[in-house]
Every structure is written in C-alpha cells, then in structure tokens.
Amino acid sequence: VKVYHAGTKGAEGGLVTSGGRVLAITGLGADFKEALKKAYEGVDKIRFDPEGAPAVSLHCRRDIGRRAIERPTRVAIVGSTRGSSSQATIDAIKAGTLNAKVVVACSNKSDAGIL
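Residues numbered from 1 in each chain as written. Predicted model: local features only at pLDDT ≥ 70, side-chain atom pairs only at ≥ 80, totals over all residues. Heavy atoms only, no water.

Chemist: Can you break down the overall build of the protein residue by residue, with the values?
Modeler: Of the regular secondary structure elements, the protein holds three helices and six strands. What you see in the protein, going N to C, is helices and strands ordered as β-β-β-β-α-α-β-α-β. Along the first, second and third principal axes, the C-alpha set of the protein runs to 65 × 25 × 20 Å. Across the 115 residues of the protein, 16% fall into the buried class. Pairs at least 24 residues apart make up 43% of the contacts formed inside the protein by residues separated by at least 6 positions. Side-chain charges in the protein split into 18 positive and 11 negative, and the spacing between the mean points of these groups amounts to 7 Å. (Helix = DSSP H or I, 4+ residues; strand = E, 2+ residues; numbered from the N terminus. Buried < 20%, exposed > 50% of the residue type's maximum accessible area, 1.4 Å probe, protein only. Contact = heavy atoms within 4.5 Å. Lys, Arg positive; Asp, Glu negative; His and termini not counted. Charge placed at Lys NZ, Arg CZ, Asp CG, Glu CD.)

Here you go:
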C-alpha cells in the first residue's frame, strides 16, 4: 500500500492535515479487486484523531474503485511496423480476468495485424 498526501504539513508528532481531501491510497495486487481490497485495508489503518480518541474526523469514499470494477476500462492499442506488445492485454480481456474493452486500435501500417 502506498499513501500519497497533499494538504498536510509536518508537526510535532507527525503529519497534520489542513482539511479537505488530503490522502490518496493505492493498493497493489494480482488483479484490480485484490489491489482495491488492499487499498481499503490501508485506509482502515489511518487515523487523524489523537491516540485513544474516537475516530470521527476521517471520511473516505468507497465508491470510486467499485465503479472501476463494475464498468469496463477503455483500452487503446497502438501497433507499429515492429508489432505490438498488447497480446497479454487482449488475452486477459478474452479470459475475463481484465474487465476492459478495446475502443481504439491504430497503426502506421494499413495492413497491420492489430487492425
């Protein structure tokens, strides 16, 4: 899990927030669902309130990643006279392990195999 922050500053005892959207949490996983799960597990470990105080000041959105899982990712494929490295993406879409659809394929060669 990686945490990116903005609207924060260093203070005695750690970082403090000046309000607003201050964190972006990124999880890594074998697929998007696993990465999303890890990101939210990371979110659940974050506290803005002093130790021992009730956690009341942290608000997070849990709809953004879910929407990405529910709708296909739009993919563009670019090929050249030397070919394309997109076969793994195409295979994953066909196998159902990548919720995506190819919306654009372009090449500098009119008879390219990807077209």
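Having seen the structure, we can now continue with the description.
Chemist: Provide a residue-level description of the environment of G10, including the pertinent values.
Modeler: Assignment of secondary structure puts G10 in strand β2 (residues 8-11). Separated by 23 residues in the primary sequence, G10 and K33 place their C-alpha atoms 33 Å from one another.

Chemist: Got a sec to walk through helix α1 (residues 32-43)? Specific residues and values, please.
Modeler: Spacing of three or four residues puts side chains on the same side of an α-helix, whose turn is 3.6 residues. Along its 12 residues, α1 runs 16 Å from first to last C-alpha, staying within 8% of the 16 Å computed at 1.5 Å per residue. A35, L36, A39, Y40, G42 and V43 are the residues of α1 that are buried. Buried residues of α1, seen end-on, are gathered within an arc of 150° and therefore sit on one face of the element. Exposed and oriented more than 90 degrees from the buried face of α1 are K33 and K37. The inward-facing, buried residues of α1 contact β4 (23-26) and α2 (64-70). (Expected span 1.5 Å × (residues − 1). Arc of directions from axis to C-beta.)

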